[in-house]
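Working through the structure, step by step
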Amino acid sequence: MPNQQKYERILDALQELLENHKLQSISVSEIAETAGIGKGSIYYYFPSKDAILEALVERSYEKPLQTAKALAGRTEISPFIRMAMIFEACRNSSSEFIKSENNKNSGTQEKSFLHQKYINHIITELKPVLAEIIRQGIKAGQICFSDPDALAEIVLIVLTVKMDNTLVPSSKEDIENTISALVSLLEKGTDNPPGSLNFLIS
């Protein structure tokens, strides 16, 4: 079995086990058995179970992150449209990832841990990409703001927590109100016309 196939089998095995078991109860031996490989092979690819989990989270968001990085260079497209496309891609991936982790055997503490991993990954990876798009918008006179990195982080923190809807469970109405308030603050703070950031709400 080629190395990449083994790597993917290990991730698939953990994802399969998470459907019916709590993360804490899953051992490296069980992951190896489910993957159909020797336990020693696991450590060739990953130093620990936590490392396997982190790789699984990364794989879950590989497509939207690739989309984001590709869009960063598409300066012929409005920065607002590019940001909307990125957020939509992340929203779709987030829904799929949360659905796969949302099983009856997972406790609140474990779900919080899994989603903390997701939030950390998505913010860390997307912040520089989003900041670059904002910088391009500033240069083109389409966005008015002095700190693109801070703006990117603020938007990502609020959106990821609300897209996740597990760390701070909210009704659909509460989520819409929070995002609407964020949009209003951002439009005023960046001197953008009302409605220019409505893509964050959709």
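Residues numbered from 1 in each chain as written. Predicted model: local features only at pLDDT ≥ 70, side-chain atom pairs only at ≥ 80, totals over all residues. Heavy atoms only, no water.

Attention now goes to the pattern of salt bridges. Counted by the stated rule, this structure contains 7 salt bridges. Between Glu-132 and Arg-135 there is a salt bridge, with the nearest N and O atoms lying 3.6 Å from each other. Highlighted residues: Glu-132 and Arg-135, both in helix α7 (residues 108-139), separated by 3 residues, approximately one helical turn. Judged by relative accessible area, Glu-132 falls into the partly exposed class, the value being 32%. Classification of Arg-135 by relative accessible area gives partly exposed; the value is 34%. A cluster of three or more residues bridged by salt bridges with shared partners is formed by Glu-8, Asp-12 and Arg-59. (Salt bridge = Lys/Arg side-chain N within 4 Å of Asp/Glu carboxyl O. Helix = DSSP H or I, 4+ residues; strand = E, 2+ residues; numbered from the N terminus. Buried < 20%, exposed > 50% of the residue type's maximum accessible area, 1.4 Å probe, protein only.)

This part is about the side chain of Lys-49. Tracing the backbone through its elements, the reader meets Lys-49 in helix α4 (residues 49-60). A polar contact of 2.8 Å, which involves the side chain of Lys-49, links it to the backbone oxygen of Leu-23. Setting aside residues no more than four positions away along its own chain, Lys-49 makes contact with Leu-23, Gln-24, Ile-26, Val-28 and Ile-31. (Polar contact = N/O pair within 3.5 Å; in protein donor to acceptor, adjacent residues only side chain to side chain. Contact = heavy atoms within 4.5 Å.)

Attention now moves to the packing of aromatic side chains. Going through the model one piece at a time under the given rule, you end up with 3 aromatic pairs. Ring centres of Tyr-44 and Tyr-45 lie 4.9 Å apart, and the angle between their planes is 85 degrees; this geometry places the pair in the edge-to-face category. Judged by its relative accessible area of 18%, Tyr-45 falls in the buried class. Counting every residue linked through ring pairs, the aromatic cluster contains Tyr-7, Tyr-44, Tyr-45 and Phe-46. (Phe/Tyr/Trp six-rings, centres within 6.5 Å; stacked < 30°, edge-to-face > 60°.)

Moving on, we come to the nonpolar core. One finds Met-83, Phe-87, Ile-122, Leu-126, Leu-130 and Ile-134 to be the most contacted residues of the largest nonpolar core, which totals 32 residues. Those elements that place two or more of their residues in this core are α5 (62-72), α6 (79-101), α7, α8 (148-164) and α9 (172-189). Here this core takes 10 residues from α7, the largest share from any one element. Filtering out sequence-adjacent residues up to four positions away, Ile-134 remains in contact with Met-83, Ile-143, Pro-148, Leu-151 and Ala-152. Residues Val-28, Ile-42, Tyr-45 and Leu-56 belong to the second largest nonpolar core, which totals 22 residues. (Core = buried A, V, L, I, M, F, W, Y, C linked by side-chain atoms within 4.5 Å.)

Moving on, we come to the environment of Gln-142. Within the element layout of this structure, Gln-142 appears in the loop between α7 and α8. What makes Gln-142 partly exposed here is its relative accessible area of 33%.

The N-to-C vectors of helix α1 (residues 3-18) and α4 enclose an angle of 95 degrees; their axes lie 10 Å apart at closest approach. By the angle class used here, α1 and α4 are roughly perpendicular. For the pair formed by α1 and α4, the contact residues are Tyr-7, Glu-8, Ile-10, Leu-11, Asp-12, Leu-14, Gln-15 and Leu-18 on the first element and Ile-52, Leu-53, Ala-55, Leu-56 and Arg-59 on the second. Looking at the contact of α1 with α4 residue by residue, the class counts come to 9 nonpolar, 1 polar and 3 charged. (Axes fitted to C-alpha atoms, helices over the stretch in contact; angles between N-to-C directions. Parallel < 35°, antiparallel > 145°, perpendicular 65-115°, else oblique. Nonpolar A, V, L, I, M, F, W, Y, C, P; charged D, E, K, R; others polar.)

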